[in-house]
Amino acid sequence: MRVKATLLAGICGSAIAFPAFAQETASDANAQPERRQYADEIVVTAQRQAQSLQAVPIAVSAFTSEALESQQIENASDLQLTLPNVSFTKSNFTSSSFTIRGIGDLCVGVSCDSATAIHLNGAPLFGTRLFETEYFDLERIEVLRGPQGTLFGRNATSGVVNVVSAKPDLSGFGAKAEFEYGNYNSIKGKAMINVPIGETIGVRLAGFYLNRDGYTENLFDNTDIDGRDMYAVRGSLRFEPGPDTTIDLMGYYFRENDDRMRIQKQQCQRDPTGVVGCLNTRRDFDMTNANSTFTGTLSSSEFLAINGLPAGFGLGSLYGPDAFSNFQEPQDVRVVSTPFTPEYFADELQVQASIDHDFGPMKVGLTGTYQKTKVDSRQDYNLGFADRSFYAPALNQLAAFANPLVVGAPTAAYFQPFVAGIIPGGPSGPLCTSDTSLDNRGSFEGNSICSDVPLQYDRSNQDQESWTAEAILSSDLDGPFNFLLGGIYANSKVSENSYYVNSFAIDYIAGLLGSFTSLGGGLQPSYLASSFYRNNTLDFELKSYGLFGEVYFDISDRLKLTGGLRYNNDKKSIEARTALAAFLNPYSNDGDPYASPYVGSFDADPGTPGNQLTQQRSVGFDAITGRAVLDFQMTPDNLVYASYSRGYKSGGINPPLSPIFDVAESFGKEKIDAFEIGSKNTFANGALQLNATAFYYKYKGLQLSRIIARTSVNDTIDANIWGVELESIIRPDYNWLINMNFSYLNAEVAGDQFFSDPRDPGAGDADAVIIKDITNGALCSVQSGGASGSADAFVAAINGGLGLRAPGEFPSDGGLASSGAFSICSVLAAQGAAIGAAFGGITVLSPGVQTNLKGNKLPQAPEMKASVGVQYTSEFDNGMTLVPRFDIAFTGEQFGNVFNGNVNRIKPFVQANAQIQLNGPDNRWFVRGFVQNVFDSNSTTGLYVTDASSGLFSNIFTLDPRRYGIGVGVEF
């Protein structure tokens, strides 16, 4: 049995994807001339057993380490360039999204599950940082397309990416090392050593290190940012105490600490009215109108005057130039001007143990995995800065109110700690902004960052700890019937997850409103806590288990039936809160603001009676999923199959909002019914391999995220998806290798689905008025049942009493048919109920008029993808080979969110890679020259539309710029 296991390991180790033939030498070809026209076998474990790729009735692609290197697939982002109907993008909050066949990680939040399950050696991972690291010392990567509702089961509604690490080789000593240098002063090294200890134990150590300068130029201080400084190490031990038993132990650690940017660039068609911030037609290189943000509205002279405060304290006017008016946005994706240098830290620990024992007719496998991850990122919120000269009049007046000789000692006492917190050097000195502190302490507790320009930055961080245990029993019986039974338990805990937005203007508002409120109430001098926005999950726990089984029945020698079922059970509990300037906290309290004597005015959970400092919720979901597959082996080289599968992804809990909007506290589970037919074929004695797949999905409850009140909340919709995929390998002769892939995808919202588009709260109604609520920066829409212009007349009448202007029109190219105005939505709603009849009946809708999404394309779902790779191996008499290779990939049009429209359109892009490698005799050494992104394309892979209170700008995510360099390596 050990011989059998060794042979199987050897097959898996040589299971090569398309370009691996370049690694064979002339002597290999001469030794086996009869195999020169045949493609080497690719072995996968898509059905939890080692099988030839061409014999598995599943849409699956596989890459070995040789294939990854040849196609320059260095990380998760590169995988999308060659796989049909697979896309990948970074996302807004230190995470990422794999989308397979139109289904991706569109749900945003701590309680969300990934639709694409990421597995390590078959075991699921949680919150993994694998998408950030570089691939090294892998046996292969498998990508399974379609819902995996039985064997990989948990929430894998789109598919599975299974990363298989290289295991120790007990047959002999081995070592590899390579070094690479490229532009951006990029230095990368990889190494591996394999040492057998006797005949039963083997040890393997591997690692990589990468350090390079930043891809992005920062004009503010003439530096380069978005660099990398990271490393990872992996140690593995294999123990074979007997011929039927294999024990594997693996430990892995990854660490990154650099100035990586989460967001590459911000785009905006600037709104001159300031009502929406960014218009609805294009994504220009421009900055949002700061008057549209909640800091712009709450610090405006108009808002202060309405609340009976001196208008001179306003940092600006709603109807005047805004603080970004003079900012010149660089017209280049890779050029920014930011006073805040990005900070990025991530690390991950993985420990895994598995034991497999062969009892003959039965095999048992046990796997346990422990995982601990941490990520912490900060960067400039707007990738730009405000003009502090706009703030000068207000800061001068603030300094005067802190002077007892001007206003008297009793009044000055309320403003002196305010001044000390944000302008300790006076109005012309540095401006201090609250630091992002886990204990909620900010500028007024002496925890701040000071600068000559107003700072605004955000922070996204998470600490997570998880473990899983899985057992599988499989049969190897003589006869037509076999089976597999298994069970898995998973527990994942998040001990800290926060998203912060910090800004000098927030500190100013918190101090100003707090000082005047406490002064007017005769309370201790206080500010409004917290002095920064923080959406904070204090604790989250997932408890999940699944029981699954499959049966395999050979109806005949060529016809096989597979049937599987799985029971899934998920329980989630969460404790969270969201706060921003929500309660008074004395300046004298330099500890936890939530220890304030006035914290009783803060309620983190309006859904529960009484005053709650946190919101606590629990939900549970379960489902039965499975699959049925009928496959027919027409010839030894031709397989056809038809399958039905049911997929499931658990729902979750929406975070608490501030301010409160009518949003469901939880969101439901997803369900997908998938129908697929496929064919796997080898023709012309191995010269052509052609696999084809067609699929149709009925999707219920697809989870989608949108931003409300600066917080991601999740809704569900239904969708219909269908598409086709073609994968081919062409070998005109032994030295040539061509791989060609193509896919077409139609992913649309099904049925009537009504939601408010945050970019157009008026939903194209020319008689509606879009309102910027100056109390919180949110948007609402006013509609009238009367004649055209009635809504405008109503808003004008109410605004006149508030000292605000009547509605005005947006620019003709802005994509907004409605008019717009600054006002207060709650006041309009109350007055609409009181006097609205005079205007034909008034309706105030928050966050806006709903529009029907039926027929809209799902986000991150390119309609068309195609890729071609060409490789030629030149063989020399001395045993050396020269291997040039060129890859080009096309990704078609897609949309950044479900509301579609030109403003959310992501243009098609082309990526090309090229390399040439000289291999020494017996592949003992190599020298390689490479170019990645040959055309230096600024390819956008995804976008994220921010909240109305931030000005509706779009964060975009791009692939890396052109990289080139040289690498050398040796193998022993």
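Structure shown above.
This is a predicted model, so every value here is computed, not measured. Sequence order sets the numbering: in each chain, residues are counted from 1 along the sequence as written. At least 70 in pLDDT is required for a residue's local features to be given in this predicted model, at least 80 for side-chain atom pairs to be given and counted, and no such filter applies to totals for whole chains, interfaces and linings, which use all residues. For side-chain calculations, the full set of non-hydrogen atoms in the structure is used, while hydrogens and water are omitted.

Student: Just checking my understanding: could you explain the overall build of the chain for this structure?
Tutor: Each helix and strand in the chain was counted, giving 12 helices and 53 strands. What you see for the chain is a C-alpha radius of gyration of 30 Å, in line with the 30 Å of a compact globule of 972 residues. Each residue is placed in one exposure class: buried if its accessible area under a 1.4 Å probe, protein chains only, is under 20% of its type's maximum, exposed if it is over 50%, and partly exposed if it falls in between. Put simply, the chain has 972 residues, and 60% of those count as buried. Counting contacts in the chain only where the partners sit at least 6 residues apart, residues at least 24 apart contribute 70% of the total. About 34,200 Å² of surface is accessible on the chain, with carbon and sulfur atoms providing 57% of the total. Taking the average location of the 69 positive side-chain charges in the chain and that of its 103 negative ones, the two points are 3 Å from each other. Counting from the N terminus, the helices are DSSP H or I runs at least four residues long and the strands are E runs at least two residues long. Here the globule rule reads 2.2 Å times residues to the power 0.38, and the radius of gyration is calculated from C-alpha atoms. Note on definitions: a residue-residue contact is assigned when non-hydrogen atoms from the two residues lie within 4.5 Å. What sets the accessible areas is the Shrake-Rupley method with a 1.4 Å probe; for residues, cover comes only from the shown protein chains. The charge count treats Lys and Arg as positive and Asp and Glu as negative. His and the chain ends do not count. Just so you know, the charge point we use is NZ for Lys, CZ for Arg, CG for Asp and CD for Glu.

Student: Can you help me understand the nonpolar core in this one?
Tutor: Among soluble globular proteins, nonpolar side chains are generally buried collectively. Membership of the largest hydrophobic core comes to 77 residues, with the highest contact counts inside it found for V276, L398, F418, I422, I423 and Y508. What L398 contacts, discounting residues up to four positions off in sequence, is F313, F415, F418, V419, I422, I423 and Y508. Core analysis: the next-biggest nonpolar cluster, separate from the first, contains 35 residues, V86, I118, V163 and Y344 among them. Among the buried residues, those of types Ala, Val, Leu, Ile, Met, Phe, Trp, Tyr and Cys that are joined through side-chain atoms within 4.5 Å form a nonpolar core.

Student: Looking at this structure, I do not really get the sheet that holds strand 14 (residues 223–225). What am I missing?
Tutor: The strands that make up a sheet are held in pairs by hydrogen bonds between backbone atoms, and each pair lies either parallel or antiparallel. An order of 14-13-18 is seen for the three strands of this open sheet, with the pairing classed as mixed. Either end of the sheet is taken by a strand with one partner, and the two such strands are strand 14 and strand 18 (335–336). The rule for pairing is simple: two strands pair if DSSP sees at least two bridges between them. Note: strand 13 (residues 216–218) against strand 18, two bridges, orientation parallel. Within the sheet, the bridge partner assigned to E217 lies in strand 18 and is V335.

Student: For this particular structure, what's the right way to read the environment of D332?
Tutor: Along the chain, D332 falls in the loop between helix 6 (301–306) and strand 18. A residue is classified by how much of its surface remains accessible, and D332, at 33% relative accessible area, is partly exposed. Separated by 141 residues in the primary sequence, D332 and L473 place their C-alpha atoms 56 Å from one another.

Student: Would you mind showing me how to read the pairing of strand 19 (residues 343–358) here?
Tutor: On a regular strand, one side chain projects to one face of the sheet and the next to the other, so that they alternate. Where strand 16 (residues 245–258) and strand 19 come together, 14 bridges link them in antiparallel fashion. Paired with D258 across the two strands is Y344, which belongs to strand 19. Bridge count for strand 19 against strand 20 (residues 362–380) is 16 bridges, and the pairing is antiparallel. Bridge pairing in strand 20 places A353 opposite G368. Counting the residues that bridge the hairpin from strand 19 to strand 20 gives three residues, and of these G360 lies at a positive phi of roughly 100°.

Student: Would you mind going over the state of the cysteines with me for this structure?
Tutor: Think of a disulfide as a covalent bridge from one cysteine sulfur atom to another cysteine sulfur atom. Note on terminology: disulfide denotes any pair of cysteine sulfur atoms within 2.5 Å. Here the structure, examined in full by the defined rule, presents three disulfides. Note that C268 is cross-linked by a disulfide to C278, the S-S spacing being 2.0 Å. Around the S-S axis, the bridge from C268 to C278 shows a dihedral of about -115° and counts as left-handed. With C268 in the loop between strand 17 (265–267) and helix 5 (294–298) and C278 in the loop between strand 17 and helix 5, the pair connects residues that are 10 residues apart, well separated along the chain. This pair shows no difference in class: C268 is buried, exactly as C278 is. Each disulfide pairs two cysteine sulfurs, and for C432 the partner residue is C450, the sulfurs being separated by 2.0 Å.

Student: What is the right way to read helix 7 (residues 392–401) from this model?
Tutor: Every α-helix winds through 3.6 residues per turn, so residues three or four apart in the chain are directed the same way. Of the positions making up helix 7, those classed as buried are A394, L395 and L398. The buried residues of helix 7 all sit within an arc of 95° when viewed along its axis, so they share a single face. Next to the buried residues of helix 7 lie helix 9 (409–422), strand 21 (431–434) and helix 10 (504–521). Relevant arc is that of directions from the helix axis to the C-beta atoms, nothing else.

Student: Honestly, the sheet that holds strand 41 (residues 819–823) in this entry has me stumped. Any pointers?
Tutor: Pairing is mixed across the open sheet formed by five strands, whose spatial order is 40-41-38-39-42. Looking at strand neighbours, the two that pair on one side only are strand 40 (808–809) and strand 42 (842–845), the edges of this open sheet. Bridging between strand 40 and strand 41 involves two bridges; their strand directions are antiparallel. Counted as the bridge partner of E809 is S819 from strand 41.

Student: Is there a simple way to think about the side chain of D322 in this case?
Tutor: Relative to the helices and strands, D322 is located in the loop between helix 6 and strand 18. Since its relative accessible area comes to 2%, D322 is described here as buried. Among the polar contacts listed, one links the side chain of D322 to the backbone nitrogen of F324, at a separation of 2.9 Å. Contact partners of D322, with chain neighbours within four places excluded, come to R270, T288, N289, A290, N291 and F390. Here a polar contact means two N or O atoms within 3.5 Å. Within protein one must be a hydrogen donor candidate and the other an acceptor candidate, and residues neighboring in sequence count only if both atoms are side-chain atoms.

Student: I would appreciate a short explanation of the pattern of salt bridges in the present structure.
Tutor: Should the charged atoms of two oppositely charged side chains come close, the side chains can pair. By definition, a salt bridge exists where a carboxyl oxygen of Asp or Glu is found within 4 Å of a side-chain nitrogen of Lys or Arg. For the structure on display, the rule yields 38 salt bridges. Among the ionic pairs, K188 bridges to E180, the shortest N-O distance being 3.9 Å. With a closest N to O distance of 2.6 Å, D376 and R459 form a salt bridge. Here the residue D376 occupies a position in strand 20, and R459 occupies one in strand 23 (residues 456–475), the gap between them amounting to 83 residues.

Student: In this structure, what is going on with the packing of aromatic side chains? I would like to understand it.
Tutor: How two aromatic rings sit relative to each other is given by the distance of their centres and the angle of their planes. Any pair of Phe, Tyr and Trp rings, taking the six-membered ring for Trp, is counted once the centres come within 6.5 Å. Such a pair is stacked with planes under 30 degrees apart, edge-to-face with planes over 60 apart, and tilted for the rest. Scanning all chains against the criterion turns up 35 aromatic pairs. Each ring, one from Y644 and one from F675, has its centre 5.2 Å from the other, and the planes form 45°; the classification is tilted. Here F675 lies in strand 33 (residues 670–683) and Y644 lies in strand 30 (residues 638–649), a separation of 31 residues in the sequence. A relative accessible area of 40% means that F675 is categorised as partly exposed. By the ring-pair criterion, three or more aromatic residues cluster together here, those being F418, F444, Y508, Y527 and Y587. Two thresholds decide whether a charge sits over a ring: the Lys NZ or Arg CZ must be within 6 Å of the ring centre and within 35 degrees of the ring normal. Directly above the ring of Y344 sits R260, whose terminal nitrogen or CZ lies 5.1 Å from the centroid. One cation-aromatic arrangement involves R577 over Y594; the distance from NZ or CZ to the ring centre is 3.6 Å.

Student: Would you mind showing me how to read helix 11 (residues 790–802) here?
Tutor: Given the number of residues in a helix, its expected span is that number minus one, multiplied by 1.5 Å. Its 13 residues give helix 11 an end-to-end C-alpha distance of 19 Å, which sits within 8% of 18 Å, the value for a rise of 1.5 Å per residue. Of the positions making up helix 11, those classed as buried are S790, A791, D792, F794, V795, I798 and N799. Where helix 11 is buried, its residues contact strand 38 (769–773), strand 39 (779–784), strand 41, helix 12 (825–835) and strand 42. Once helix 11 finishes, G803 follows within two positions and takes phi at roughly 80°, a positive value.

Student: I keep staring at the packing of helix 7 against helix 9 and nothing clicks. Help me out?
Tutor: The packing of two helices is summarised by the inter-axis angle and the distance between the axes. Note on definitions: angles span 0 to 180 degrees between N-to-C directions of axes, and those axes are lines fitted to C-alpha atoms, for helices only across the stretch in contact. Remark: helix 7 packs on helix 9, axes separated minimally by 7 Å, with the N-to-C direction vectors making an angle of 130°. By the angle class used here, helix 7 and helix 9 are oblique. Contacts from L398, A399 and F401 in helix 7 reach T411, A412, F415, F418, V419 and I422 in helix 9. Amino acids outside the nonpolar list (Ala, Val, Leu, Ile, Met, Phe, Trp, Tyr, Cys, Pro) and the charged list (Asp, Glu, Lys, Arg) are all regarded as polar, and Gly is one of them. By residue class, the composition of the contact of helix 7 with helix 9 is eight nonpolar, one polar and no charged. In this scheme, roughly parallel covers angles under 35 degrees and roughly antiparallel covers those over 145, while 65 to 115 is roughly perpendicular and the rest are oblique.

Student: Mind showing me how you'd approach the side chain of R534 here?
Tutor: Here R534 is to be found in strand 26 (residues 533–554). Note on R534: relative accessible area 3%, which makes it buried. Within polar-contact distance, the side chain of R534 engages the side chain of S498 at 2.9 Å. Discounting chain neighbours no more than four positions away, the residues touching R534 are S437, L438, N440, E496, S498, Y499, Y500, R577, T578 and A579.

Student: Quick question: what am I supposed to make of the environment of L395 here?
Tutor: Topologically, L395 is positioned in helix 7. Taking relative accessible area as the criterion, L395 reaches 1% and is therefore assigned buried. Non-local contacts of L395, meaning those with residues more than four positions away in its chain, are made with I423, P427, L431, F504 and Y508.

Student: Sorry if this is basic, but what is going on with the pairing of strand 44 (residues 864–872) here?
Tutor: Of the two faces of strand 44, the one holding K865, S867, G869 and Q871 is buried and the one holding M864, A866, V868, V870 and Y872 is not buried anywhere. For strand 36 (residues 736–749) and strand 44, the ladder comprises nine bridges, and the chain directions are antiparallel. Looking at strand 44, one finds that L737 is bridged to Q871. The sheet contact formed by strand 44 and strand 46 (residues 881–891) spans seven bridges and is antiparallel. Of the residues in strand 46, the one forming a bridge with V870 is F886.

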